[in-house]
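Geometric and topological summary
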Amino acid sequence: MVALGVGGGVIYRVWEDGTHGMGIAILNMLFPIVLLFLLFLMRAIGAGDIKLFSVIAIWIGIKQSCYVIAAAFVIGAIWGLIRLILSGSLIAGALLFLQCVRTSILTGHPEIFLKDLKWDKHRIHFAVAIAMGFALVSWQEVVNCISWQ
């Protein structure tokens, strides 16, 4: 699926931007990888999520993909917060996160967030938040196009 997304995106970029579209596609694809690499090392985000962001970035560009990334993180944060509140684990989860960030800063090595198996039940499927963020940004584009006419 990733190969289809990347391949289709590269073809689209070359179609839209000519021969330098290949370079644009590569830069767009690398942007989320570079931006989110530290979160990946902390295991706060998975490789599949970064691949999904990369495919989206090839198709819609860096600026719009920044909006999608921001929207996905806000949606994911709200979703995760609701899950922690409903499970009664909000304080413990916040303290664990702060400890993880502190350890990462002090040691210079990214600490693995939620490495304890008892926290697995609190993980969310971030691809859903990414899809919702993409839908939100796409909907905003549709509204903007309609209002310009």
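Just so we're clear, the structure is a prediction, and the values are computed from it rather than from any experiment. (Residues numbered from 1 in each chain as written. Predicted model: local features only at pLDDT ≥ 70, side-chain atom pairs only at ≥ 80, totals over all residues. Heavy atoms only, no water.)

1. Regarding the packing of aromatic side chains
- A complete count under the given rule lists four aromatic pairs for this structure.
- Here F73 and F126 contribute two aromatic rings whose centre-to-centre distance is 5.1 Å and whose plane-to-plane angle is 55°, an arrangement assigned as tilted. Pair noted here: F73 is in helix α4 (residues 62-87) and F126 is in helix α6 (residues 126-148), with a separation of 53 residues, a long-range link.
- When its relative accessible area of 31% is taken as the criterion, F73 is described as partly exposed.
- An aromatic cluster is present here, built from F53, F73 and F126 joined pairwise through their rings. (Phe/Tyr/Trp six-rings, centres within 6.5 Å; stacked < 30°, edge-to-face > 60°. Helix = DSSP H or I, 4+ residues; strand = E, 2+ residues; numbered from the N terminus. Buried < 20%, exposed > 50% of the residue type's maximum accessible area, 1.4 Å probe, protein only.)

2. Regarding the environment of L27
- With respect to the element layout, L27 can be found in helix α2 (residues 21-41).
- Here the alpha-carbon distance between L27 and G61, two residues 34 residues apart in the chain, equals 9.2 Å.

3. Here's the deal with the side chain of R13
- Secondary-structure assignment places R13 in helix α1 (residues 2-17).
- Taking the relative accessible area as the measure of exposure, R13 reaches 11% and is therefore buried.
- Separated by 2.9 Å, the side chain of R13 and the backbone oxygen of W59 make a polar contact.
- For R13, the residues in contact, after removing those within four places along its chain, are G18, G21, I24, A25, N28, I58, W59, I60 and G61. (Polar contact = N/O pair within 3.5 Å; in protein donor to acceptor, adjacent residues only side chain to side chain. Contact = heavy atoms within 4.5 Å.)

4. A word on the pattern of salt bridges
- For the structure on display, the rule yields one salt bridge.
- Between D17 and R13 there is a salt bridge, with the nearest N and O atoms lying 3.0 Å from each other. Of this pair, D17 and R13 both sit in helix α1, separated by four residues, roughly a single helical turn.
- Using a relative accessible area of 24% as the deciding quantity, one classes D17 as partly exposed. (Salt bridge = Lys/Arg side-chain N within 4 Å of Asp/Glu carboxyl O.)

5. A closer look at the nonpolar core
- L36, I45, F53, V68, A72, F126 and I130 are the most contacted members of the largest nonpolar core, which totals 13 residues.
- If you list the elements that add at least two residues to this core, you get α3 (47-60), α4 and α6. (Core = buried A, V, L, I, M, F, W, Y, C linked by side-chain atoms within 4.5 Å.)

6. Some words on α3
- With 14 residues, α3 extends 20 Å between its outermost C-alpha atoms, agreeing within 8% with the 20 Å of an ideal straight helix rising 1.5 Å per residue.
- Those residues of α3 that fall on the buried side of the exposure criterion are D49, I50, F53, S54, V55, I56, A57 and I58.
- Just downstream of α3, G61 is the residue with a positive phi angle, here 95°. (Expected span 1.5 Å × (residues − 1).)

7. Comments concerning a nonpolar patch on the surface
- A surface patch of nonpolar side chains, amounting to about 670 Å² of accessible area, comprises L81, I85, L90, I91, L95, F97 and L98.
- Every element with two or more residues in the nonpolar patch is listed here: α4 and α5 (90-107).
- For the nonpolar patch, the leading source of residues is α5, giving five residues.
- For L81, the location among the structural elements is in helix α4. (Patch = residues over 30% accessible without salt bridge, like charges linked within 9 Å, V, L, I, M, F, W, Y side chains within 5 Å. Areas by Shrake-Rupley, 256 points an atom, 1.4 Å probe, with all protein chains shown as cover.)

8. Side note on the confidence of the model for the chain
- Mean pLDDT over the chain stands at 87; residues scoring 70 or higher make up 90%.
- Mean pLDDT per element in the chain: α5 is the minimum at 82, and α3 is the maximum at 95. (pLDDT = per-residue confidence, 0-100.)

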